[in-house]
Amino acid sequence: MKKKASLILCGLALLLVLMTRLGGASAYFTSNAWAKGGRTLIMGSVNEILEEFSAWTKHVTVKAEDDSEPVFVRARVFADESVELLILSEDGSWTDGGDGWWYCGTVLSAGESTAELLVKVVKLPVGAVAGTDFNVIVVYECSRALFKADGTPYADWTAQPEKGGTQ
Amino acid sequence: MKKLKQFLKSPKATVLLFILAAGLLIAGGIGTARAALTAFSERRVYQVEMKHIDIGLLENGERVDEDHILLKKLTAEGEQIRPGQEYPEALALVNLGGSDMYVRVSLYLYWLDAEGNKNTELSPALIGLHLTPGENWLIDEASSTPERTVLYYRLSLKSGEKTDPFSDFLKLDPSLADAVTETRTEKDGFTVIRRTYDYDGCQFMVEARADGVQTHSAEAAILSAWGQRVSAKDGVLSLKEAD
């Protein structure tokens, strides 16, 4: 009987000690708040080159697909020296960079297309007759648009761009 | 004396004492009632004020701790974020309670992959949340990691008071475009060199967890609540190095 009473008293004493500690731990007032958020980064540039050939003229446009990030585009035309070409941009959105490349001045957002770049064959190769093959190759490069701190877009053509071409 | 002892041990005495005790209790109750009646003319009003402690998180001046969502207005709706561009992201804390408090904030920057899982191989350093600790925010270097930054505000915040912002803008580092995988494909006379960006489709995350604690017995309270040894002299907090 005495043993039982001692055990109960011990239990009570332990409970009291624990209660004292709990009181101490919760004696301070605290508060907390939280928030979190994020954005998905779209970086892939998916583009296609569209081309029509009529009246000895290539009509070249480049289209950024719907899931493309904003890009800049430039194009270069290659042909045999004997083929005389005239490259034109009727609305002036393409400009001759003087380095062999024609640059589209506007940034191309998802789903948008460039204006036409016209590549006219002015003079055929010497001795060309019906059935003679010759190539006019258009190569284009896309560079993802970079942005300054104020949001102004620019292209960095020194970085390896995405390439494509037609002939 | 013997007789008295015998009487006290008898059941009669027990019953008598019980009746006496009950009588005293009832008399006590009546007395109190009378006292209440007599004291009625002397009306005194006591006000008990239960002060509470409550902290809020502000993003560009607006509370965001209610819906717990950050970066909602980082860009215009439907506009993609552009690496290199600075987006305003001023984060601060506010004391919404009735008591003064000391505050701290833990900032977490990390990446989620396309499936929404945390990707620790992508660098948190490229999520450029620009911090502005100034004079009043202390960066706890010992508790900070590449993913987490812990900042303590030196001054106690009074009710309704805001901290100085601890950040001012967010700018993704354009060098994240350098992490690429290149593939070449030949199709229908085309040669396409396609570069896949390692960060493409990943989600960058900013998470802020703010804590406030009472200013009374601040050193003990902060050690108990946050596990940080501090000195709080003249209402100014400073961090102590861990033992």
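Residues numbered from 1 in each chain as written. Chains lettered and ligands numbered in written order. Predicted model: local features only at pLDDT ≥ 70, side-chain atom pairs only at ≥ 80, totals over all residues.

Draft legend 1. The arrangement of the overall build of chain A in detail. Counting secondary structure elements, chain A contains one helix and 12 strands. Moving toward the C terminus, one meets the helices and strands of chain A in the order α-β-β-β-β-β-β-β-β-β-β-β-β. Counting the 167 residues in chain A, one finds 23% classified as buried. Considering only contacts in chain A between residues 6 or more positions apart, those separated by 24 or more positions represent 65%. (Helix = DSSP H or I, 4+ residues; strand = E, 2+ residues; numbered from the N terminus. Buried ≥ 20, exposed ≤ 12 C-beta atoms within 10 Å, placed from the backbone. Contact = placed C-beta atoms within 7 Å.)

Draft legend 2. Region of the structure containing helix H3 (residues 218-226) of chain B. Within the sequence span of H3(B), burial applies to B:Ala218, B:Ala221, B:Ile222 and B:Ala225. Looking straight down H3(B), one finds its buried side chains confined to an arc of 95°; they lie on one side. Looking at the packing, one finds that the buried side of H3(B) touches strand E1 (30-40) of chain A together with strand E5 (101-112), strand E12 (203-214) and strand E13 (230-233) of chain B. (Arc of directions from axis to C-beta.)

Draft legend 3. Expanded view of the sheet that holds strand E9 (residues 167-172) of chain B. All names here are of chain B. Spatially, three strands are ordered E3-E9-E6 in an open sheet, and the strand pairing comes out antiparallel. The open sheet has two free edges, formed respectively by strand E3 (87-88) and strand E6 (127-131), since each of these has just one partner strand. Pairing of E3 with E9 involves two bridges; the strand directions are antiparallel. From the neighbouring strand, tyrosine 87 faces E9, where its bridge partner is leucine 170. (Pairing = 2+ DSSP bridges.)

Draft legend 4. Spatial organisation of the sheet that holds E1(A). Pairing is antiparallel across the open sheet formed by five strands, whose spatial order is E1(A)-E12(B)-E5(B)-E8(B)-E7(B). Across the chains shown, the open sheet's two edge strands, defined by having one partner strand only, are E1 of chain A together with strand E7 (137-139) of chain B. Mean inter-strand twist for the sheet, computed between neighbouring axes without regard to direction, equals 20°. In the sheet, E5(B) pairs with E12(B) via 12 bridges, with the strands oriented antiparallel. Bridge pairing links B:Leu107 to B:Ala208 in E12(B). (Axes fitted to C-alpha atoms, helices over the stretch in contact; angles between N-to-C directions.)

Draft legend 5. Structural view of the nonpolar core. If you look at the biggest cluster of nonpolar residues, it comprises 50 residues, and the most contacted ones within it are B:Leu57, B:Leu93, B:Tyr102, B:Val103, B:Ala208 and B:Ala210. Here the element with the most residues in this core is E5(B); it accounts for eight residues. With 20 residues, the next largest nonpolar core counts A:Ala75, A:Trp94, A:Leu108 and A:Val138 among its residues. (Core = buried A, V, L, I, M, F, W, Y, C linked by C-beta atoms within 7 Å.)

Draft legend 6. Layout of the interface of chain B and chain A. Counting from both sides, the interface comprises 53 residues of chain B and, opposite them, 31 residues of chain A. Broken down by secondary-structure element, the contributors of at least two residues to the side of chain B that touches chain A are strand E1 (55-59), strand E11 (190-197), E12 and H3 of chain B. Per element, the largest residue contribution to the side of chain B that touches chain A is 12 residues, and it comes from E12(B). The class makeup of the residues in the side of chain B that touches chain A is 26 nonpolar, 15 polar and 12 charged. Here E1(A) pairs with E12(B) via 11 bridges, running antiparallel. Note on E12(B): the bridge partner recorded for A:Ala33 is B:Ala210. (Nonpolar A, V, L, I, M, F, W, Y, C, P; charged D, E, K, R; others polar.)

Draft legend 7. Examining the pairing of strand E4 (residues 71-79) of chain A more closely. Residue and element names in this part refer to chain A. Here nine bridges tie E4 to strand E9 (residues 136-144), and the two strands are oriented antiparallel to one another. Residue valine 71 lies in a different strand from E9, and its bridge partner there is arginine 144. In this structure, E4 lies alongside strand E7 (residues 102-104), joined through two bridges in antiparallel fashion. Across the sheet, residue arginine 74 finds its bridge partner in E7, namely tyrosine 103.

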